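Per-entry structural report
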Amino acid sequence: MIGCGAGAEAMRFRFVKPLLAHVNLLLVLYGGAALATAARLKWDPSTYIVFRELFPSEYRALTVGVTAAGFLMLLMPHLAIAGLHATLNTTRKILLYIYAGVMLVLLFGELSLGVWLALRVQLWLNSQAAQQLQEAMELREHLKPLLRYFSRWHPLPQHIDKLIKEAEQDAPCNLYLAAATLILLAVLQPLAIGLALCAARRRANAVAYSTAIAKSTYSAPEDNHCEKAPLRTAYRNGRIVIL
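Under an unreviewed UniProt entry, the protein chain has the name Tetraspanin and belongs to Arctia plantaginis.

In structure tokens form, the structure reads like this:
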């Protein structure tokens, strides 16, 4: 029964290792995307200027958080690979447990930052500044005829009008894409933690099972030889001698 259980553990580990590698590959993509987003928040005026002016504290916290998360998601898969390919069980367990612990801290940090940003934005939406911005946004309908009029002499107002329309059309799609991306990330990180813990535990069982099988295979021929070998005798110099 013990051998069958260890054998099942060893067979299941064969699927845990490649699955963890694929999850880490997706997390590396998230890390690169996070660093690209952080770079845009820092140096792309079209991305950060509105957010920075409306939410200066939240802007700085988001920039630091996205940068740190991106670097961690790029570095953590290397730790998992080192743990999966470690030769010593103790080293393997330590590396995989560190990977799972850091990933858990990162997950809680992301959730905390997201909740804090949501609360801050909700407070701002109920403030007087949000009402003033809403009133200013309502004036854009009066600006469109003026932009079309000025476009007779220069194409810049027409380009501005097109950019406004494009931003309005793309806003829902961008929100849906961002929500789907965050949901997938919320699934991948707990999955990576569970697979790392499972690999740290099952790998030791698999090695123990393989060692036990190797020992039994090595000792079985000797036992069988001792049990099945016939007793041979011979008559020499007037005595019976056991060969």
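From this point, things continue past the structure.
At a closest axis distance of 10 Å, the pairing of helix 3 (residues 56–84) and helix 4 (residues 89–125) adopts a crossing angle of 160 degrees. As summarised for this structure, helix 3 and helix 4 are arranged roughly antiparallel, according to the angle between their axes. Along this stretch, helix 3 crosses helix 4, giving a crossing that reads as left-handed. Residues that form the contact of helix 3 with helix 4 fall into these classes: 21 nonpolar, three polar and four charged.

Before going further, it helps to spend a moment on the UniProt feature "transmembrane region" (unreviewed entry) in the protein chain. Listed under "transmembrane region" (unreviewed entry) in the UniProt record, and renumbered for this structure, are residues 19–39, 59–82, 94–119 and 175–200. Along residues 19–39 one finds 100% helix and 0% strand; the C-alpha atoms at either end are 31 Å apart. In the segment residues 59–82, helix accounts for 100% and strand for 0%; the C-alpha atoms at its two ends are 35 Å apart.

Moving on, we come to a nonpolar patch on the surface. Together, Ile49, Val50 and Leu54 line one region of the surface with nonpolar side chains, adding up to about 240 Å² of accessible area. Inspection of the secondary structure assignment puts valine 50 in helix 2 (residues 45–54). Under the relative-accessibility criterion, valine 50 is labelled exposed at 53%.

Time to look at helix 3. Taking 1.5 Å per residue as the helical rise, helix 3 with its 29 residues ought to reach 42 Å, and the 43 Å between its terminal C-alpha atoms agrees with that figure. Of all the positions in helix 3, only Glu58, Tyr59, Thr63, Val66, Ala69, Gly70, Met73, Met76, Pro77, Ala80, Gly83 and Leu84 are classed as buried.

Attention now moves to the pattern of salt bridges. Applying the stated criterion to the full structure yields one salt bridge. With a shortest N-O distance of 2.5 Å, arginine 120 and glutamate 58 are connected by a salt bridge. Linking arginine 120 in helix 4 with glutamate 58 in helix 3, this pair joins segments that are 62 residues apart in sequence. Residue arginine 120 is classed as partly exposed on the basis of its relative accessible area, which comes to 35%. Taking the relative accessible area as the measure of exposure, glutamate 58 reaches 5% and is therefore buried.

What describes a pair of aromatic rings is the distance from one ring centre to the other and the angle between the planes of the rings. As enumerated under the stated definition, the model contains one aromatic pair in all. Summarising the aromatic geometry, the rings of phenylalanine 55 and tryptophan 124 are spaced 5.1 Å apart at their centres and angled 70 degrees between planes, so their arrangement reads as edge-to-face. Linking phenylalanine 55 in the loop between helix 2 and helix 3 with tryptophan 124 in helix 4, this pair joins segments that are 69 residues apart in sequence.

What counts, and where the lines are drawn
- Residues numbered from 1 in each chain as written.
- Predicted model: local features only at pLDDT ≥ 70, side-chain atom pairs only at ≥ 80, totals over all residues.
- Heavy atoms only, no water.
- Axes fitted to C-alpha atoms, helices over the stretch in contact; angles between N-to-C directions.
- Helix = DSSP H or I, 4+ residues; strand = E, 2+ residues; numbered from the N terminus.
- Parallel < 35°, antiparallel > 145°, perpendicular 65-115°, else oblique.
- Left-handed = near helix turned anticlockwise from the far one by under 90°.
- Nonpolar A, V, L, I, M, F, W, Y, C, P; charged D, E, K, R; others polar.
- UniProt positions renumbered as here; feature names shortened; annotations may be inferred.
- Patch = residues over 30% accessible without salt bridge, like charges linked within 9 Å, V, L, I, M, F, W, Y side chains within 5 Å.
- Areas by Shrake-Rupley, 256 points an atom, 1.4 Å probe, with all protein chains shown as cover.
- Salt bridge = Lys/Arg side-chain N within 4 Å of Asp/Glu carboxyl O.
- Buried < 20%, exposed > 50% of the residue type's maximum accessible area, 1.4 Å probe, protein only.
- Expected span 1.5 Å × (residues − 1).
- Phe/Tyr/Trp six-rings, centres within 6.5 Å; stacked < 30°, edge-to-face > 60°.

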